[in-house]
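Listed below, chain by chain, are the residues.
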Amino acid sequence: TGAGPHSGDPEVTLRNGFDATLLEHVHSWPAYALFVLTIVLVIGALRVRGRAPGLLRATVLLLVIELVQIAVGLYQARNALPPLAVGVHMVLAAVLVASMVAVVMALKAPVQAQTDAHANAS
């Protein structure tokens, strides 16, 4: 955000020489890759639905947040980066990270279940 028009410096383009349009495209490539990988996660969650309760819900929520994030990103890129859209995009980035943590936590088996499984195997 320090390289964009909302950095607080009206001379930001002159100061850093970054091409905002090019940076928007470079920024979007990993986001689209993440979106595709999240679709793979949702498909995987569908396959292990019974063994990982909560995983499907967490991955679908992640996918929905990514869709909203992509929509806001496209809107702001096509409308000269309106400040409100940039702020929403940044807040959604934080929500997206929190959702990713929820997916990781859904992948982890509860400690009690691990202990019970280990005891039953003995």
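This report concerns the structure included in the present document. Computed from a prediction, not measured in an experiment: that's the story for all the values here.

Below, the discussion takes up unusual backbone geometry. Even without glycine at this site, A80 takes up a positive phi of about 60°. If you trace the backbone, A80 turns up in the loop between α3 (55-78) and α4 (83-107). For L81, which is not a glycine, the phi torsion comes out positive at approximately 55°. Residue placement: L81 occurs in the loop between α3 and α4.

Quick look at the side chain of Q69 now. Mapped onto the elements of the fold, Q69 is located in helix α3. Setting aside chain neighbours within four positions, we find Q69 in contact with H89, L92 and A93.

To continue, consider the nonpolar core. Listed in full, the 9 residues of the largest apolar core are A45, A52, L55, A58, L62, I65, L96, V103 and A106. If you list the elements that add at least two residues to this core, you get α3 and α4. If you tally residues by element for this core, the top one is α3, at 4 residues.

With that out of the way, let us pick up the environment of L107. Here L107 lies in helix α4. With relative accessibility at 53%, the residue L107 sits in the exposed group.

The rules behind each value
Residues numbered from 1 in each chain as written. Predicted model: local features only at pLDDT ≥ 70, side-chain atom pairs only at ≥ 80, totals over all residues. Heavy atoms only, no water. Helix = DSSP H or I, 4+ residues; strand = E, 2+ residues; numbered from the N terminus. Contact = heavy atoms within 4.5 Å. Core = buried A, V, L, I, M, F, W, Y, C linked by side-chain atoms within 4.5 Å. Buried < 20%, exposed > 50% of the residue type's maximum accessible area, 1.4 Å probe, protein only.

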